[in-house]
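# Structural features, examined
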Amino acid sequence: MPVNADATDVASESEGDLPINELFYSLQGEGVLAGVPTVFIRTSGCNLRCWFCDSYHTSWEPTHAWMDVDEILAEVESHEQCEHVVVTGGEPMMHTEVVELLNQLSANGYHTTVETNGTIHRDAAIDLASISPKLASSTPTPAKDPKGEGEWEDKHEERRVDMDALSSLVEQYEFQLKFVVTGDQDMPEIESLLQRLRQSTTRRIGNDDVLLMPEGATRERLEETREATAELAMEYGYRYTPRLHVDLWNDAPGT
Ligand SMILES: C[S@@+](CC[C@H](N)C(=O)[O-])C[C@H]1O[C@@H](n2cnc3c(N)ncnc32)[C@H](O)[C@@H]1O
Ligand SMILES: Nc1nc2[nH]cc(C(=O)O)c2c(=O)[nH]1
Ligand code: SF4
Ligand SMILES: [Mg+2]
């Protein structure tokens, strides 16, 4: 179901429902839990518009069906062998109902990961906050806009880093900081963002909590970005994370 083009506030059809773009079983492709069998719940709607977004139909042109928490849980539980759930999007933390979903998943014994851009903090049963703060190189300038002519550039730029939300997330949850890397020009910004974050929290942020992930929604694009990203990880002492799902299944939906 298409929603309005500026779907930053996807209004709930009935109270308690979440806009779900897709729900599928796969292997966690990214980060410290890469390789773990996982059910993915992908909400629709985003407060940002990265030009490279690999989930175009949750951000630039959001589509979804409305599901309540019980319906989502039943679908998750149909994958009987699975102990891990990822809630992603779009930006899942936009939705108040995500708190109830996470609390119910946790009460039912699941390990929960939230994939978030780090601009919104919520208090919920999150075992791993997988935070991917967005760098200047993600901004949809007119030259990079996949849809229009840069209409989202200013809003994206204003919203993409919220230090208060980032500090609250790293203080409350186990976390990883996963940066999408397009080239070595991203490194000074990663360094200064980490410096600011370390100053704004007492929580220790080790270099091994920081992951560099190559930009690329397809095998073809990853071929161009992964080696340089791996070398930057070694040079700066951060982790490298693959995009295992892209290596395995390219850009197929539901993977
Ligand atoms: C689609 S986002 C949804 C969660 C949240 N909105 C965020 O950006 O973290 C899921 C993950 O994919 C990453 N991602 C999106 N497009 C990408 C691309 N073209 N290459 C590499 N990573 C990408 C994001 O940075 C994030 O870590
Ligand atoms: N297999 C697989 N692993 C993932 N890890 C994070 C993903 C996401 O889109 O948030 C993702 C995804 O879309 N697929
Ligand atoms: S913040 Fe995440 S979902 Fe939103 S546009 Fe960027 S990558 Fe896509
Ligand atoms: Mg993905």
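Residues numbered from 1 in each chain as written. Chains lettered and ligands numbered in written order. Predicted model: local features only at pLDDT ≥ 70, side-chain atom pairs only at ≥ 80, totals over all residues. Heavy atoms only, no water.

## Focus: the UniProt feature "binding site: substrate" (unreviewed entry) in the protein
Mapped onto this structure's residue numbering, the UniProt feature "binding site: substrate" (unreviewed entry) falls at Leu27, Gln28, Gly29, Arg42 and Thr88. Across 62 residues in sequence, these annotated residues keep their C-alpha atoms within 14.5 Å of one another, forming a single compact spot. Mapped onto the elements, Gln28 comes out in the loop between strand S1 (17-27) and strand S2 (37-43). For Gln28, a relative accessible area of 4% corresponds to the buried category. (UniProt positions renumbered as here; feature names shortened; annotations may be inferred. Helix = DSSP H or I, 4+ residues; strand = E, 2+ residues; numbered from the N terminus. Buried < 20%, exposed > 50% of the residue type's maximum accessible area, 1.4 Å probe, protein only.)

## Details of the packing of helix H1 (residues 69-77) against helix H2 (residues 97-107)
Relative to each other, H1 and H2 sit at 40 degrees, their axes nearing to 10 Å. It follows that H1 is oblique to H2 by the angle criterion. Note that H1 runs across H2; the crossing there is right-handed. Within the contact between the two elements, H1 uses Val69, Ile72, Leu73 and Val76 and H2 uses Glu97, Glu100, Leu101, Gln104 and Leu105. (Axes fitted to C-alpha atoms, helices over the stretch in contact; angles between N-to-C directions. Parallel < 35°, antiparallel > 145°, perpendicular 65-115°, else oblique. Left-handed = near helix turned anticlockwise from the far one by under 90°. Contact = heavy atoms within 4.5 Å.)

## Re the site of ligand 2
Every residue close to ligand 2 is listed here: Ser26, Leu27, Gln28, Gly29, Glu30, Phe40, Arg42, Thr88, Glu115, His245 and Thr255. Taking Ser26, its side chain carries an N or O atom lying 3.5 Å from a nitrogen atom of ligand 2. The separation between an oxygen atom of ligand 2 and a polar side-chain atom of Thr88 is 2.7 Å. Burial of ligand 2 by the surrounding chains reaches 93%, relative to a free accessible area of 320 Å². Looking at the shell around ligand 2, the elements that each hand over two or more residues are S1 and S2. Each residue belonging to the shell around ligand 2 can be placed in one class, and the counts come to 2 nonpolar, 6 polar and 3 charged. (Near = heavy atom within 4 Å. Polar contact = N/O pair within 3.5 Å; in protein donor to acceptor, adjacent residues only side chain to side chain. Areas by Shrake-Rupley, 256 points an atom, 1.4 Å probe, with all protein chains shown as cover. Nonpolar A, V, L, I, M, F, W, Y, C, P; charged D, E, K, R; others polar.)

## Description of the environment of Pro37
Secondary-structure assignment places Pro37 in strand S2. For Pro37, a relative accessible area of 36% puts it in the partly exposed group. Setting aside its immediate chain neighbours within four residues, Pro37 contacts Tyr25, Ser26, Leu27, Cys82 and His84.

## A word on the packing of aromatic side chains
This structure, assessed with the given rule, holds 3 aromatic pairs. Each ring, one from Phe24 and one from Phe40, has its centre 5.0 Å from the other, and the planes form 10 degrees; the classification is stacked. With Phe24 in strand S1 and Phe40 in strand S2, this pair connects stretches of sequence that are 16 residues apart. Judged on exposure class, the residue Phe24 and its partner Phe40 are both buried. Note on Tyr236 and Tyr238: the rings are 6.3 Å apart at their centroids and 10 degrees apart in plane angle, and the pair reads as stacked. (Phe/Tyr/Trp six-rings, centres within 6.5 Å; stacked < 30°, edge-to-face > 60°.)

## A closer look at the UniProt feature "domain: Radical SAM core" (unreviewed entry) in the protein
UniProt feature "domain: Radical SAM core" (unreviewed entry): in the numbering of this structure it lies at residues 33-251. The distance separating the terminal C-alpha atoms of residues 33-251 is 20 Å; by composition the span is 34% helix and 18% strand.

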